[in-house]
Each structure stands twice: as C-alpha cells, then as structure tokens.
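# Examining the three-dimensional arrangement
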Amino acid sequence: MMSGNMNLTLKVWRQKDANSSGKMVSYKAENISPDMSFLEMLDVVNESLIHKGDEPIHFDHDCREGICGMCSLYINGRPHGPKRAITTCQLHMRSFHDGETITIEPWRAAAFPVIKDLAVDRSAFDRIQQAGGYVSVNTGGVPDANIIPIPKVIADEAFNSATCIGCGACVAACKNASAMLFVSAKVSQLGMLPQGQPERWSRVQSMVAQMDEEGFGNCTNTGACEAECPKEITLTNISRMNNDFFSAKLFREEKVHDHSGGGE
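Cut-off values and rules
- Residues numbered from 1 in each chain as written.
- Predicted model: local features only at pLDDT ≥ 70, side-chain atom pairs only at ≥ 80, totals over all residues.
- Heavy atoms only, no water.
- Helix = DSSP H or I, 4+ residues; strand = E, 2+ residues; numbered from the N terminus.
- Expected span 1.5 Å × (residues − 1).
- Buried < 20%, exposed > 50% of the residue type's maximum accessible area, 1.4 Å probe, protein only.
- Contact = heavy atoms within 4.5 Å.
- Domains from an automatic or database assignment.
- Buried area = accessible area lost by both parts, 1.4 Å probe.
- Salt bridge = Lys/Arg side-chain N within 4 Å of Asp/Glu carboxyl O.
- Polar contact = N/O pair within 3.5 Å; in protein donor to acceptor, adjacent residues only side chain to side chain.
- Nonpolar A, V, L, I, M, F, W, Y, C, P; charged D, E, K, R; others polar.
- Patch = residues over 30% accessible without salt bridge, like charges linked within 9 Å, V, L, I, M, F, W, Y side chains within 5 Å.
- Areas by Shrake-Rupley, 256 points an atom, 1.4 Å probe, with all protein chains shown as cover.
- Pairing = 2+ DSSP bridges.
- Axes fitted to C-alpha atoms, helices over the stretch in contact; angles between N-to-C directions.
- Disulfide = S-S within 2.5 Å.

## Digging into helix α7 (residues 200–214)
- In a regular helix each residue adds 1.5 Å, so 15 residues correspond to 21 Å; α7 covers 21 Å between its end C-alpha atoms and thus fits that length.
- Burial in α7 covers these residues: Trp201, Arg203, Val204, Gln205, Ser206, Met207, Val208, Gln210, Met211 and Glu214.
- Contacts made by the buried residues of α7 are with α2 (123–132), α6 (180–191) and α9 (236–251).
- At the C-terminal side of α7, Gly215 shows a positive phi close to 95°.

## Description of the domain arrangement of the protein
- Taken as a whole, the protein is organised into domain 1 (6–105) and domain 2 (123–135 + 148–252).
- Computed over C-alpha atoms, the centres of domain 1 and domain 2 are 30 Å apart.
- Facing 13 residues of domain 1, the contacting portion of domain 2 comprises twelve residues.
- Both faces combined, the contact of domain 1 with domain 2 buries some 930 Å², and carbon together with sulfur accounts for 50% of it.
- Contact with domain 2 buries surface across domain 1, with Pro79, Arg84 and Ala85 losing the most and accounting together for 42% of the total.
- Viewed at the interface, domain 2 and domain 1 are joined by one salt bridge.
- Here Glu228 ties to Arg78 by a salt bridge, and the two come within 3.0 Å at their closest N and O atoms.
- Our enumeration of links across domain 1 and domain 2 arrives at three residue pairs in polar contact (both at pLDDT 80 or more).
- Tallied by class, the residues present in the side of domain 1 that touches domain 2 amount to six nonpolar, five polar and two charged.

## Digging into a nonpolar patch on the surface
- Residues Ile147, Ile148 and Ile150 make up a contiguous nonpolar surface patch of about 250 Å² in total accessible area.
- Note on Ile147: relative accessible area 66%, which makes it exposed.

## Digging into unusual backbone geometry
- Phi is positive for Asp117, which is not a glycine, with a value near 55°.
- Here Asp117 is to be found in the loop between β6 (114–116) and β7 (119–120).
- Judged by its relative accessible area of 2%, Asp117 falls in the buried class.
- Notably, Ala177 is not glycine yet its phi reads approximately 50°, a positive angle.
- Take Ala177: it is sitting in the loop between α5 (169–173) and α6.
- Looking at Ala177, the relative accessible area reads 14%, which means it is buried.

## Remarks on the sheet that holds strand β4 (residues 78–79)
- Judged by pairing direction, the sheet is mixed, and its five strands sit side by side in the order β2-β1-β5-β3-β4 without closing on themselves. Each edge of the open sheet is held by one strand with a lone partner, namely β2 (23–32) and β4.
- As paired elements, strand β1 (residues 6–14) and β2 share eight bridges and run antiparallel to each other. The residue bridging Trp13 from the neighbouring strand is Met24, located in β2.
- On top of the sheet, helix α1 (residues 38–51) reaches β1, β2, β3 (74–75) and β5 (101–105); it is set at about 100° to β2, its chief contact.

## Observations regarding the state of the cysteines
- One pass over the structure, following the stated rule, counts zero disulfides.
- Of the cysteine sulfurs around Cys219, a residue in no disulfide, the closest is that of Cys225, at 6.1 Å.
- By relative accessible area, which is 28% here, Cys219 ends up partly exposed.

## Examining the environment of Pro79
- By the element assignment, Pro79 lies in strand β4.
- Remark: the alpha-carbon pair of Pro79 and Ala173, spanning 94 residues in sequence, is separated by 6.5 Å.
- Ignoring any residue separated from it by four or fewer positions in sequence, one finds Pro79 in contact with Leu73, Tyr74, Trp107, Ala169, Ala172, Ala173 and Glu228.

Here's what the structure looks like:
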C-alpha cells in the first residue's frame, strides 16, 4: 500500500432486478487514495472485479460534478454519505479511514424500484414533472422576460427552489419515502414567478395528484429531507406548496386526469 492510501471493506447491495431477492456482498477496496472521489473508488473496485471475471457493481452516474443528481447511493445509512450539502460524486475518500467498513445501498422506496444493484428507476419524478412542472403559455423571448419586474427576494427564492437536481435523497431520507420536498421545489420555482401564474393552481393540483399516484408516502414533518438534500432545499417550499394546494382545492378546484384515464 502506498503511503497514505487505504484498504477498505465494502458491503454492497447486489440485486439482479426489482423482482429478485437481493443481498449484501463484501468486497475489498485496496490501495485507495484519499483524494479519489467515492465513484472513482467504485470504478477501481469494478476494474478489479472485471479482471477477475466477476460482474461489476451497477450504479448510476453521469456528470460527476454535483449537477445531474444521478449518483444515488445510500452510504453508511445516509443519502450521499456522511457529508452535508454534497452529492456522492463530490464525496472524497478522505472522509473515511483506513480499515473502515462502508455499507452501500440503493434508494429504498416503492416508487423507486431497483433496476440492478445500486441503480433505481426514478422515472416517477419525470412523470410528476410532466404532470405540471412547466409553463405552456407563450411568455415571449428572453428580452420580454427580463422587462418583467420581480422583487429580488422572490427571484432569489425561486432560484433556490430551482436548484433541486431531482436526485431523490429527500425520498431516501424520509421514513415514509415522501417526495414532498422535490415536488414542492418544482411547484415553487414556477409558482413564484409571473410566467408561472396562469397555470399556478392547476399545476399544484396535477403534480400532487401524480405524486400520490406514484406511491410516495406522506410527509413525516421530521425535516430529514431538508437535512440530507445536497442542494439544501428548505421545508419552506413544502409550506408554500401546501398553501397553494389547499387554496386551489377550496377556491379553484380543477378536474385532474391521471394516466389510467380516470379523474381525480
């Protein structure tokens, strides 16, 4: 082992698909540099497995810059690992110690079925977005948008909500696998801006209905989602969404169609 490098034991969840039983399997991660990212460490382990003729560990990744939200790993009992406000790809091995055992699992939620090993299907988030997370009215070009006066505090709050990357850490952290933080961020980022007003009330009803249809649980009010969110999305978004939802149901209720052809 090179000076300063680590030898680790990984306990990794291996599962063929959503319909198969899974189990924890132990692997050795040897001569790991503390400057490696967590995903680079898994790459090294996979290279070793391939060299031995074994099947590599399947996990999601894309940008490796903390932007795409693909690196959905549950590490030592926490989404994205032990550090706050970072994704798994931003987690470095210097956060661990030589000889440590690291447990790695996928997001565990009925709405996020396992594809294979550590990779889960998060297309439920896409369907929630498609249900209403957009502006379909003609808002003109960029110059037109720029001439609409928006108070800075509102613009900043909308931008903060828009930083959600849809990784699903909020769902993984919640004991009820609630998607309230994700949905509320997507509702808020549009509902606070002038361009999002025409569809404000139909949007919140449609997105909440789709969230329920996907099988996500109810909010637990424990704040675990906010604590584990890599972009530090706040619970204020949930309060704002609830306010809009109840206002819409009381005064602006609309017929919301689900994908099975039925109504609300």
